[in-house]
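Next come the chains, spelled out residue by residue.
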Amino acid sequence: MDMFTPDLLILNAAQLVTPGKGWKLKVIKDGAVAVKGEKIAALGKTDDVLPLVKKTTGLTVIDAAGKVVCPGYVDPHTHLVYAGSRAEEFALRLQGMPYMEIAKRGGGINSTVKATRKASVEDLAGFARERLARMLGWGTTTAEVKTGYGLSTSSEMKMLQAIRLAADSQPVELVPTFMGAHEVPPDYRERHQDYVDLVVDKMIPAAAKTSLAEFCDVFTETGVFSIEESRRILLKAKQMGMLPKVHADEITPLGGAELAAEVGAVSADHLVYVSDSGIAAMKQTGVVPVLLPGTSFFLDSKYAPARKMIEHGLPVALATDHNPGTCTIEGMPVIIGLACLKLKMTPEEALIAATLNAAKAIRRDKLVGTLEPGKQADILILKVPDYREIPYHFGTNPVDTVVKKGKVALSS
Ligand code: NIG
Ligand code: FE
């Protein structure tokens, strides 16, 4: 390789860690990364990288001695644009009222819908920015964000605009998902079918017209959207250029994973009650399972069968599911900890699931999710000497420095 002049050099990392083949991490001791512009130009052992670089004025050099260097976390499932609080509902749940019971009484998602409908695009983007600043602090460099607290054509479009506005004003890259079928709003309670028609005939074409949504997601669940309704919504979205995703088998075993496979979804998410045939179907059609252990923890419910999915060769991904009702966790290191403690994933698997596999779940794996020459320079420096310390120091934040597209976005 010819010598080159990097813009950023990270040297002497105790471990430079990046997903390799299958469920294996590549760990380079005394590692270094050289960044040119927005991309990774070279990486390897410090002694091998240094001879390749010509140092010029303007070069930033970071000494990562005693620290882990790894890819920025990708959070492929969030609902981080919303207004209001559900602390009251949280207290009711603590007294034993189930999540779906609260929803039936007009609380749950619909209580956030009320607050979100009242907020302006700027307000919503502002609330989102506060959350994104904390997420960046935990090492998230790319996050998927769903609509679904508007549930009318205009409010759903407002949410898409708020996602765009939030994306434009801070470093975390956002991947927008239209989720008009998140719940049936109160005004359609008695005419469920009309709401599905509204989503299919009005909202999806409107969302497609704005080009502001890359994916379309549906809450496929008993009492919310049936398999048939979800199929109709997702096929229409696909026809209009949005890629399907499914909230599948979260609370009841409805066959959401099978539906995800049938419609060619990019991911099926939650999967707490996934069936064996759902696992087989996902494997066959390349659906990425996105597991959300923070939600199981927050709802004090069952955990998804992660080991079974890994054993079946599925590229399990992890996400926060950050939302005001079922999981307020914002940091991927907490999710990595829960994945180890509750999903029985190894620290190695959990880190791969939070980076490369998470990128696969939002079709960004060619761009981010690993540290490789040519990929986007989304890089974390962690204040720990071994990546296994991430889940071990459960609940703490190991982030020292965050590099987004080659620029230091945060340093402590
Ligand atoms: O992923 N399951 C549906 N949607 C969210 C919850 C949203 C809410 O309660 O506000 C979830 O858990
Ligand atoms: Fe969700």
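Residues numbered from 1 in each chain as written. Chains lettered and ligands numbered in written order. Predicted model: local features only at pLDDT ≥ 70, side-chain atom pairs only at ≥ 80, totals over all residues. Heavy atoms only, no water.

Regarding the overall build of the protein chain
Here is step 1 of the chain: Helices and strands together make up the secondary structure of the protein chain, namely 16 helices and 16 strands.
Here is step 2 of the chain: Considering only C-alpha atoms, the protein chain reaches an extent of 70 × 40 × 40 Å along its principal axes.
Here is step 3 of the chain: A buried classification covers 59% of the 412 residues belonging to the protein chain.
Here is step 4 of the chain: For the protein chain, the share of sequence-separated contacts (at least 6 apart) that also reach a separation of at least 24 residues comes to 72%.
Here is step 5 of the chain: Only carbon and sulfur atoms are counted for the fraction: they give 53% of the accessible area of the protein chain, which is about 15700 Å².
Here is step 6 of the chain: Measuring between centres, the 48 positive side-chain charges of the protein chain sit 2 Å from its 47 negative side-chain charges. (Helix = DSSP H or I, 4+ residues; strand = E, 2+ residues; numbered from the N terminus. Buried < 20%, exposed > 50% of the residue type's maximum accessible area, 1.4 Å probe, protein only. Contact = heavy atoms within 4.5 Å. Areas by Shrake-Rupley, 256 points an atom, 1.4 Å probe, with all protein chains shown as cover. Lys, Arg positive; Asp, Glu negative; His and termini not counted. Charge placed at Lys NZ, Arg CZ, Asp CG, Glu CD.)

Brief notes about unusual backbone geometry
Here is step 1 of the chain: Even without glycine at this site, Lys-344 takes up a positive phi of about 60 degrees.
Here is step 2 of the chain: Classification of Lys-344 as exposed rests on a relative accessible area of 54%.
Here is step 3 of the chain: Positive phi, normally seen in glycine, also occurs at Lys-405, with a value near 45 degrees.
Here is step 4 of the chain: Looking at the element boundaries, Lys-405 is found in the loop between strand 15 (399-404) and strand 16 (407-411).

Section: the nonpolar core
Here is step 1 of the chain: Of all hydrophobic cores here, the largest spans 107 residues; its most connected members are Phe-178, Ile-233, Met-309 and Leu-318.
Here is step 2 of the chain: Of the residues forming this core, the biggest block, 8 residues, is contributed by helix 7 (residues 192-210).
Here is step 3 of the chain: The residues touching Met-309, leaving out its near neighbours within four places in the chain, are Leu-271, Val-274, Ile-279, Met-282, Pro-289, Leu-291, Ala-304, Leu-314 and Val-316. (Core = buried A, V, L, I, M, F, W, Y, C linked by side-chain atoms within 4.5 Å.)

A few points about the packing of aromatic side chains
Here is step 1 of the chain: Inspection of the entire model under this criterion finds 4 aromatic pairs.
Here is step 2 of the chain: Aromatic pair Tyr-82 and Tyr-149: ring centres 6.2 Å apart, planes at 70 degrees, arrangement edge-to-face. Placement of Tyr-82 in the loop between strand 6 (73-75) and helix 2 (87-94) and of Tyr-149 in the loop between strand 7 (140-146) and helix 6 (153-168) is noted, with a sequence separation of 67 residues between them. Residue Tyr-82 shares its accessibility class with Tyr-149, and that shared class is buried.
Here is step 3 of the chain: Feature note: the residues Tyr-188, Tyr-195 and Phe-225 constitute an aromatic cluster, connected by ring pairs.
Here is step 4 of the chain: Of note, Arg-131 hangs over the ring of Tyr-82, and the distance from its end group to the ring centre comes to 3.5 Å.
Here is step 5 of the chain: Of note, Lys-245 hangs over the ring of Phe-215, and the distance from its end group to the ring centre comes to 5.0 Å. (Phe/Tyr/Trp six-rings, centres within 6.5 Å; stacked < 30°, edge-to-face > 60°. Lys NZ or Arg CZ within 6 Å of the ring centre and 35° of its normal.)

Let's talk about the coordination of the iron ion (ligand 2)
Here is step 1 of the chain: Only His-77 (NE2), His-79 (NE2), His-247 (NE2) and Asp-321 (OD) from the protein coordinate the iron ion (ligand 2), and they sit 2.1 to 2.4 Å from it.
Here is step 2 of the chain: Along the chain, the residues donating to the iron ion (ligand 2) are arranged with the sequence spacing H-x1-H-x167-H-x73-D. Of the two residues, His-77 and His-79, both sit in the buried class. (Donors = N, O, S within 2.8 Å, 3.2 Å for Na, K, Ca; no water.)

Comments concerning the site of ligand 1
Here is step 1 of the chain: Neighbouring ligand 1 are 15 residues, the closest being Arg-86, Tyr-99, Tyr-149, Glu-250 and Thr-326.
Here is step 2 of the chain: Contact between ligand 1 and His-182: a nitrogen atom at 2.8 Å from a side-chain N or O atom of the residue.
Here is step 3 of the chain: Between ligand 1 and Thr-326 there is a distance of 2.7 Å, counted from an oxygen atom to a side-chain nitrogen or oxygen.
Here is step 4 of the chain: In the complex, the protein chains occlude 100% of the 320 Å² of accessible area that ligand 1 would expose alone.
Here is step 5 of the chain: Looking at the shell around ligand 1, its residues break down into 4 nonpolar, 8 polar and 3 charged. (Near = heavy atom within 4 Å. Polar contact = N/O pair within 3.5 Å; in protein donor to acceptor, adjacent residues only side chain to side chain. Nonpolar A, V, L, I, M, F, W, Y, C, P; charged D, E, K, R; others polar.)

Some thoughts on the pairing of strand 10 (residues 243-248)
Here is step 1 of the chain: Buried residues dominate strand 10, accounting for 5 of its 6 residues.
Here is step 2 of the chain: Pairing analysis gives 5 bridges linking strand 9 (residues 215-219) to strand 10, with the strands arranged parallel. Across the sheet, Val-218 pairs through a bridge with Val-246, a residue of strand 10.
Here is step 3 of the chain: For the segment spanning strand 9, helix 8 (residues 227-239) and strand 10, crossover handedness is right-handed.
Here is step 4 of the chain: Handedness of the strand 10-helix 9 (residues 256-263)-strand 11 (residues 267-270) crossover: right-handed. (Pairing = 2+ DSSP bridges. Right-handed = clockwise from strand over helix to strand, strands pointing away.)

Describing the packing of helix 8 against helix 9
Here is step 1 of the chain: Between helix 8 and helix 9, whose axes approach to 11 Å, the crossing angle comes to 30 degrees. Here helix 8 is positioned roughly parallel relative to helix 9, judged by the angle of their axes. Helix 9 is crossed by helix 8, and the crossing has right-handed handedness. Where helix 8 approaches helix 9, its residues Ile-227, Ser-230, Arg-231, Leu-234, Leu-235 and Lys-238 are matched on the opposing element by Gly-256, Leu-259, Glu-262 and Val-263.
Here is step 2 of the chain: By residue class, the composition of the contact of helix 8 with helix 9 is 5 nonpolar, 2 polar and 3 charged. (Axes fitted to C-alpha atoms, helices over the stretch in contact; angles between N-to-C directions. Parallel < 35°, antiparallel > 145°, perpendicular 65-115°, else oblique. Left-handed = near helix turned anticlockwise from the far one by under 90°.)

What to know about the side chain of Arg-131
Here is step 1 of the chain: The residue Arg-131 is located in helix 5 (residues 121-137) in this model.
Here is step 2 of the chain: Of the side chains with opposite charge, Glu-330 comes closest to the buried, unpaired Arg-131, at an N-O distance of 5.0 Å.
Here is step 3 of the chain: Residues within four places of Arg-131 in sequence aside, it is in contact with Leu-80, Val-81, Tyr-82, His-322 and Glu-330. (Salt bridge = Lys/Arg side-chain N within 4 Å of Asp/Glu carboxyl O.)

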